[in-house]
Amino acid sequence: MPGTVQSIERAAAILRILAGGPGRLGLSEIARALDLAKGTTHGILRTLQVVGFVEQDRVSGQYQLGGALLHLGTSYLDINELRSRSINWADPLAARSGEAVRIGTVLEGRVLVVHHVFRPDDTFQTLDVGALLPLHATALGKVLLAYRPFVSSDLEAYTRLTIVEPKALAAALEGVRETGWATEVEEFLLGQAAVAAPIRGYGGLVVGAIGISGPVERICDSRYRPHQRLVTYVRDAARAVSRDLGAAR
Amino acid sequence: MTESFVVAIDQGTTSTRCIVFDRRGQLVSLAQQEHKQHFPRPGWVEHDAAEIWRNVERLAPRALRRAGIGLDQVAALGIANQRETTVLWDRRNGTPIGRAITWQDTRTDALVHELEGRPEAKEVEHRAGLPLATYFSGPRLQWILDHTPGLRERAERGDVLCGTMETWLIWNLTGGLHVTDVTNASRTMLLDVRSLDWSEESLSFFGIPRAMLPEVRPSIGVFGTATAAFPGVRIGAALGDQQAALFGQTCFTPGEAKCTYGTGSFLLLNTGNELVRSDNGLLSTVAYQIAGEPAAYALEGSIAITGSLVQWFRDQLELISSAPEIETLARTVADNGGCYIVPAFSGLYAPYWRSEARGVIVGLTSYITKGHLARAVLEATAWQTREVVDAMNANSGLTLTTLKVDGGMTADNLLMQMIADVLDVPLVRPLAVETVSLGAAYAAGLAVGYWPDLDGLRRNWHIAGQWMPAMDPVVRSAEYANWRRAVERTFDWIQPA
């Protein structure tokens, strides 16, 4: 059967057996049922365990379906978990860039701000965790759009520079996928610019975006391109959070 | 010129971490390893000190590798550690004698009760600045000596050594230097908190041979050079974890306070070179001492169970699968539904100090869902903070106007808002949640001249987040009254045998 991956077929078979069984199953039972070597079966079970599809009982050592399977249809990563896991890397990003940091994820067609670090200049600022931002008009949103099936909907204009043409947006998202980061220059708020990069979880799945934002003259050079130094900080922070979340293991 | 860094070891209750910091006090890399919690009997909590040292040896290269730096780029090493946890070992081969008994362990309950009845007890408490409680190392040490045949004789001969975790780590790092710092020593009940040396009277009260105790050193000043884990690196500082957090929050001026939200939560107020005594359940403790300078003191309000209540909710009740999910669950409801949880798992700490209290869940009705329970879990941390702040305001004569917060639980926005609401003051989070490690790094860097002075450290401190109080005062006072009634229901649960 050309074009299929044997280990994925085997993994699927293991999940079916676990789903069909009365409860937990031992390694030898599973191996026997599929006529597989114990070592092979164990390797697949361990991988399924890492991604949360299978759980192993601590006492008996037997396997059962994991909780992550139940949440497959809903959100993959709890937003409070995402904040908790990224907080250590968002702070250094704010310190190095000198700008405010936000982390966002998708909620009902908008960017939900799940974490916000103030611009480190000790001026009065207000936490906007919980705020909703437009996907197509922000750097965070463009990152999130770039890595999911794209549904072109009502592209509202926030400024003269907001991308409102579906074709233009598709091209911009293609650019995000190519470079691995997104930018926003006066597309949402006049005088404001932003840079964002994807946060990835297990298997490389994009679970959120992290970015900085601030006045155009600080974020961008004279040609309205973000300073390379800032882009590097954002991408480094995104990679550090992704590493903590188990991406690219 | 190659850049240099400072490394902190944070030897905590559930895990050990090695963190690399740069000159701006920003985290460069982090390596972490949990260690096993041993619960041999109800109320007993032990750690394997050998396992913890092995973890440090493993974490050291991992942290440096992740930072992409070599040992020659490490300017100094600082240690922050879980306090009051006590370990004994054989002087000749360095093998631990039994497991380390942790600060959460309540096995000395009966012993403490008995000690309280002795005529010298008040003097011992006054000298130490602490109330007699199972929390501190002195009674724990006496218990071990009483319950291990022949141990006291070996200790008198100097064959057996004891220490808190920083003492154990420095002994292993340096291959045999037996020292402690004033902040850790101030949590034993054996130290005269004014003279900053072991008190002969207190030692004889607990029956502890002086030969087994480490030498007391200032917290900030070169202890020695490591020969293991970080060979060639100078150990610049050691502090108890909460004192390290106070230092990391740059609370160098009298009147500055911070609260660290972790397994337990600890509010410390810098009282300067004056030792302030408490009449309402706060501890008088050493904040830090720079070598060659007088010590800075602090008033401390300790709360035993905060983050560990969330862990209990996750691991024992299995209502959530990760700690941050407590916020998700709590947000499924608008209020606590009349339900309160008082987590007096090992008695109540400040301001009550009642070791016979045990936890309660009150206000249960058929209306209560797991969402309400999750809210009650978070509110327990908020109200316990309020009680400590009230005691601190009454004791110091100052009124707290803003609270600096740090620790892992500051990632919980709902909790931070609740605390701001019940305290009716703004909460500020600095641009470094890992203040325990940062404080150890700051202290070590200061000792070797990596940072010039305290002002230089202060300039690194910036606000990263702020929560403003927004609770109706009528609701606040009604809820506080309910909380206090719930607390009263925990009293006198354990009856003297």
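Going by an unreviewed UniProt entry, chain B carries the name Glycerol kinase and comes from Actinoplanes aureus. Its UniProt record gives chain B a comment under Sequence similarities (unreviewed entry), which states: "Belongs to the FGGY kinase family."

If you look chain A up in an unreviewed UniProt entry, it shows as Glycerol operon regulatory protein from Actinoplanes aureus.

Some details on the packing of helix H6 (residues 139-146) of chain A against helix H7 (residues 166-179) of chain A
All names here are of chain A. At a minimum axis separation of 9 Å, H6 and H7 run at an interaxial angle of 80°. Taken together, the axes of H6 and H7 are roughly perpendicular relative to one another. Taking contact as the criterion, the partners of Lys142, Val143, Leu145 and Ala146 in H6 are, on H7, Ala172, Leu173, Val176 and Arg177. Residue classes in the contact of H6 with H7 are distributed as six nonpolar, no polar and two charged.

What about the interface of chain A and chain B?
Each partner contributes to the interface: chain A provides 19 residues, whereas chain B provides 23 residues. Broken down by element, the residue count for the side of chain A that touches chain B peaks at 11 residues, all from helix H5 (residues 79-97) of chain A. Residues of the side of chain A that touches chain B, tallied by class, amount to nine nonpolar, four polar and six charged.

Side note on the UniProt feature "binding site: ADP" (unreviewed entry) in chain B
Residues and elements named next belong to chain B. In the UniProt entry, the feature "binding site: ADP" (unreviewed entry) is given for Thr13, Arg17, Thr263, Gly307 and Gly408. Structurally, the position occupied by arginine 17 is in strand E2 (residues 15-21). Once you skip the residues sitting within four places of it in the chain, arginine 17 turns out to touch Asp10, Leu30, Ala31, Gln32 and Ser437. Relative to the elements of secondary structure, glycine 408 occurs in the loop between strand E21 (403-406) and helix H13 (413-423). Residue classification places glycine 408 among the partly exposed positions, given that 19 C-beta atoms sit within 10 Å.

Remarks on the UniProt feature "binding site: sn-glycerol 3-phosphate" (unreviewed entry) in chain B
Residue and element names in this part refer to chain B. Here, the residues flagged by UniProt with the feature "binding site: sn-glycerol 3-phosphate" (unreviewed entry) are Thr13, Arg83, Glu84, Tyr135 and Asp241. The class for tyrosine 135 is buried, based on 28 C-beta atoms found within 10 Å. With near-sequence residues (within four places) excluded, tyrosine 135 lies in contact with Glu84, Trp103 and Tyr349. The residue aspartate 241 is located in helix H9 (residues 241-248) in this model. The exposure class of aspartate 241 is buried, given the 30 C-beta atoms found within 10 Å. Once you skip the residues sitting within four places of it in the chain, aspartate 241 turns out to touch Asp10, Gly12, Ala80, Asn81, Gln82, Arg83 and Val436.

Overview of the sheet that holds strand E15 (residues 257-261) of chain B
Pairing between sheet strands relies on hydrogen bonds along the backbone, with the strands arranged either parallel or antiparallel. Residue and element names in this part refer to chain B. The seven strands are arranged E17-E18-E16-E15-E21-E22-E23 in an open sheet whose pairing can be described as mixed. The outermost strands of the open sheet, each flanked by one partner alone, are strand E17 (283-288) and strand E23 (463-467). Mean inter-strand twist for the sheet, computed between neighbouring axes without regard to direction, equals 30°.

Digging into the sheet that holds strand E14 (residues 234-240) of chain B
Residue and element names in this part refer to chain B. Read from one edge of the open sheet, six strands run E3-E2-E1-E5-E14-E13, paired in mixed fashion. Edge positions in the sheet fall to strand E3 (27-34) and strand E13 (220-225), since each has one partner strand and no second. Adjacent strand axes in the sheet meet at a mean angle of 25° when their direction is disregarded. Bridging between E13 and E14 involves three bridges; their strand directions are antiparallel. Opposite threonine 225, over in E14, you have arginine 234 as the bridge partner. Its contacts with the sheet put H9 on strand E1 (5-11), strand E5 (74-81) and E14, and the angle it makes with E14 is roughly 105°.

Some words on helix H9 (residues 228-245) of chain A
Residue and element names in this part refer to chain A. Helix length check: H9, at 18 residues, gives a terminal C-alpha distance of 26 Å against a target of 26 Å (1.5 Å per residue), a fit within 8%. Taken together, the buried positions of H9 are occupied by Leu230, Val231, Tyr233, Val234, Ala237, Ala238, Ala240, Val241, Ser242 and Leu245. Among the structural elements, H5, strand E7 (192-200), strand E8 (206-215) and helix H8 (216-219) are those in contact with the buried residues of H9.

Points about the domain arrangement of chain B
Residues and elements named next belong to chain B. On domain assignment, one finds that chain B holds domain 1 (5-249 + 439-444) and domain 2 (303-429 + 464-488). Counting from both sides, the interface comprises 11 residues of domain 1 and, opposite them, seven residues of domain 2. Looking at the side of domain 1 that touches domain 2, its residues break down into five nonpolar, five polar and one charged.

Considering the domain arrangement of chain A
Taken as a whole, chain A is organised into domain 1 (6-70) and domain 2 (79-245). Summarising the inter-unit geometry, the C-alpha centres of domain 1 of chain A and domain 2 of chain A are found 38 Å apart.

So, unusual backbone geometry
Residues and elements named next belong to chain B. Going from alanine 350 to proline 351, the amide bond is cis rather than trans, its omega being -5°. With respect to the helices, strands and loops of the structure, proline 351 is situated in the loop between strand E19 (340-342) and strand E20 (360-362). Its identity as a non-glycine residue notwithstanding, methionine 189 has a phi of 75°, on the positive side. You can call methionine 189 buried: it has 29 C-beta atoms within 10 Å.

Details of H13(B)
Residues separated by three or four positions in an α-helix point in the same direction, a consequence of the helix having 3.6 residues per turn. Residue and element names in this part refer to chain B. Burial analysis of H13 places 10 of its 11 residues in the buried class, the great majority of the element. Of the positions making up H13, those classed as buried are Asn413, Leu415, Met416, Gln417, Met418, Ile419, Ala420, Asp421, Val422 and Leu423. Residues of H13 that are buried make contact with helix H11 (325-330), helix H12 (370-396), E21, strand E22 (427-430), E23 and helix H16 (473-488). In the segment just after H13, aspartate 424 is the residue with positive phi, at about 60°.

Rules of the game
- Residues numbered from 1 in each chain as written.
- Chains lettered and ligands numbered in written order.
- Predicted model: local features only at pLDDT ≥ 70, side-chain atom pairs only at ≥ 80, totals over all residues.
- UniProt positions renumbered as here; feature names shortened; annotations may be inferred.
- Axes fitted to C-alpha atoms, helices over the stretch in contact; angles between N-to-C directions.
- Helix = DSSP H or I, 4+ residues; strand = E, 2+ residues; numbered from the N terminus.
- Parallel < 35°, antiparallel > 145°, perpendicular 65-115°, else oblique.
- Contact = placed C-beta atoms within 7 Å.
- Nonpolar A, V, L, I, M, F, W, Y, C, P; charged D, E, K, R; others polar.
- Buried ≥ 20, exposed ≤ 12 C-beta atoms within 10 Å, placed from the backbone.
- Pairing = 2+ DSSP bridges.
- Expected span 1.5 Å × (residues − 1).
- Domains from an automatic or database assignment.

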